[in-house]
Amino acid sequence: MPSLPSRSRPLAPNSGAPAPGVAEVTGVGPVTFESIRDHPRVRVYVRSADQALAEIGYTEHGERHVGLVAHIAYNVLRRLGHPEREAELAAIAGYLHDIGNAVNRENHAQTSAVMAMQLLADMGMPDAEIVQVMGAIGNHHENDGDPVSPVAAAVILADKSDVHRTRVRNPDMIRFDIHDRVNYAVERSFLNVDEAAKRITLELTVDTAISQVMEYFEIFMTRMVASRKAAKYLGTSFGLTVNGNRLT
Ligand SMILES: [Fe+2]
Ligand SMILES: [Fe+2]
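Source: prediction; values computed, not measured. (Residues numbered from 1 in each chain as written. Chains lettered and ligands numbered in written order. Predicted model: local features only at pLDDT ≥ 70, side-chain atom pairs only at ≥ 80, totals over all residues. Heavy atoms only, no water.)

1. Quick word on the packing of aromatic side chains
Thought 1: All chains considered together, the criterion is met by two aromatic pairs.
Thought 2: Measuring from centroid to centroid gives 5.7 Å for Phe33 and Tyr95, while their planes differ by 80 degrees, and the two rings are edge-to-face. One end of the pair, Phe33, is in helix H1 (residues 33-37); the other, Tyr95, is in helix H4 (residues 84-96), and 62 residues separate them in sequence. When sorted by exposure, Phe33 lands in the same class as Tyr95, which is buried.
Thought 3: The side chain of Arg165 reaches across the aromatic face of Tyr184, ending 4.4 Å from its centre. (Phe/Tyr/Trp six-rings, centres within 6.5 Å; stacked < 30°, edge-to-face > 60°. Helix = DSSP H or I, 4+ residues; strand = E, 2+ residues; numbered from the N terminus. Buried < 20%, exposed > 50% of the residue type's maximum accessible area, 1.4 Å probe, protein only. Lys NZ or Arg CZ within 6 Å of the ring centre and 35° of its normal.)

2. Thoughts on helix H3 (residues 63-79)
Thought 1: Look at H3: 24 Å from first C-alpha to last across 17 residues, which is about the 24 Å you get at 1.5 Å a residue.
Thought 2: Looking only at H3, the buried set comprises His65, Val66, Val69, Ala70, Ile72, Ala73, Tyr74, Asn75, Val76 and Leu77.
Thought 3: Buried residues in H3 make contact with H1, helix H2 (40-55), H4, helix H7 (150-161), strand S1 (186-194) and strand S2 (199-206). (Expected span 1.5 Å × (residues − 1). Contact = heavy atoms within 4.5 Å.)

3. Thoughts on the confidence of the model for the chain
Thought 1: Summary statistics for the chain give a mean pLDDT of 88 and a share of 89% for residues scoring 70 or more.
Thought 2: Low confidence marks residues 5-27, where pLDDT is under 50. Its contacts with residues over four positions away, or in another chain, come to 37 contacts. (pLDDT = per-residue confidence, 0-100.)

4. Section: the coordination of the iron ion (ligand 2)
Thought 1: The coordination sphere of the iron ion (ligand 2) contains the protein donors His65 (NE2), His97 (NE2), Asp98 (OD) and Asp159 (OD), at a distance range of 2.2 Å.
Thought 2: Metal-centred angles of 82 to 170 degrees between the four donor atoms at the iron ion (ligand 2) mark the site as irregular.
Thought 3: With a relative accessible area of 0%, His65 lands in the buried category.
Thought 4: By relative accessible area, which is 8% here, Asp159 ends up buried. (Donors = N, O, S within 2.8 Å, 3.2 Å for Na, K, Ca; no water. Tetrahedral: all angles 85-135°; square planar, octahedral: opposite > 155°, others 65-115°.)

5. Considerations on the coordination of the iron ion (ligand 1)
Octahedral metal centres with six donors ideally show angles of 90 or 180 degrees, and tetrahedral centres with four donors ideally show 109.5 degrees.
Thought 1: Bound to the iron ion (ligand 1) on the protein side are Asp98 (OD), His108 (NE2) and His140 (NE2), at distances that span 2.1 to 2.2 Å.
Thought 2: In this structure, the iron ion (ligand 1) is positioned 3.6 Å from the iron ion (ligand 2), and both are ligated by Asp98. Here Asp98 is found in the loop between H4 and helix H5 (108-122), whereas its partner His140 is found in the loop between helix H6 (127-138) and H7, with 42 residues between them in sequence.

6. Brief notes about the environment of Val114
Thought 1: By secondary structure assignment, the location of Val114 is in helix H5.
Thought 2: When the C-alpha positions of Val114 and Met134 are compared, they lie 7.2 Å apart, and in sequence the two are 20 residues distant.

7. Considering the pairing of strand S3 (residues 237-242)
Thought 1: Burial runs high along S3: five of the six residues are buried.
Thought 2: Each parallel crossover has a hand, and the one from S2 via helix H9 (residues 213-233) to S3 is right-handed.
Thought 3: Here S3 pairs with strand S4 (residues 245-246) via two bridges, running antiparallel. Considered in S4, the bridge of Val242 is made with Asn245. (Right-handed = clockwise from strand over helix to strand, strands pointing away. Pairing = 2+ DSSP bridges.)

8. With respect to the sheet that holds S1
Thought 1: Reading across the sheet, the four strands line up as S1-S2-S3-S4 and stay open at both edges, with mixed pairing between neighbours. Both edges of this open sheet fall to S1 and S4, since each of them pairs with a single strand only.
Thought 2: Here S1 pairs with S2 via eight bridges, running antiparallel. Bridged to Ser189 within S2 is Leu204.

9. Brief notes about the side chain of His108
Thought 1: Checked against the element boundaries, His108 lands in helix H5.
Thought 2: For His108, the side chain forms a polar contact with the side chain of His140, separated by 3.1 Å.
Thought 3: Ignoring sequence-local partners within four residues, the contact set of His108 consists of His97, Asp98, Gly100, Asn101, His140 and His141. (Polar contact = N/O pair within 3.5 Å; in protein donor to acceptor, adjacent residues only side chain to side chain.)

10. Side note on the environment of Pro147
Thought 1: Of note, Pro147 is situated in the loop between H6 and H7.
Thought 2: Looking at Pro147, the relative accessible area reads 12%, which means it is buried.
Thought 3: As for Pro147 and Gly135, which are separated by twelve residues in sequence, their C-alpha atoms are 8.9 Å apart.
Thought 4: Ignoring any residue separated from it by four or fewer positions in sequence, one finds Pro147 in contact with Ala152, Ala153, Ile156, Lys229, Ala230 and Tyr233.

Okay, here's the thing in structure tokens:
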């Protein structure tokens, strides 16, 4: 499985190519995923967003979550044969998708998009790429988002797949709410992209002593519907397995 380009492994040679329909800016290199992740302003935004959510009792939304979403969004598009630059835009959108939580949880997708716009414009990203990233960020939330592009679809799938016990911050199991319980019960989650079968499967290993599978559905039904819609947009089906049993 290809992994997200890191500092030690430079981007593929064609990574500088603009996305389809995007005019290249002469003399200005592409805004890379690494340059976003390592930008001092992004560090402040991501950490502030996570801190704000900690204050109101939400699960972890920090560098672990957004780094994972970036990684998965990138891999989804690469495995399905999308261009390298398009996958990198998905990684960038994935890393920035929750920064708006620093302002307010409500409408955070749209706030994140506007905050990203200013940052990306300052960094010299072409407008046609900026709007792709903004559209993906602004549509990542299951209640009011839609897969309006491959980049958006990849970010939706990646974001909805991050359910894991490491996201639970509440140290007191007795005081777990249903979100804590469901997240804590998930020992392993993996978004499997089968490019040959055109099928994307969220594979979960759940400790049913902590949370029943029904609780998972109670919390995550809207997320599953959003994932299915996003998978369909990418020309694939979507499935869910829990402890090896295919549920959808
Ligand atoms: Fe979000
Ligand atoms: Fe998120």
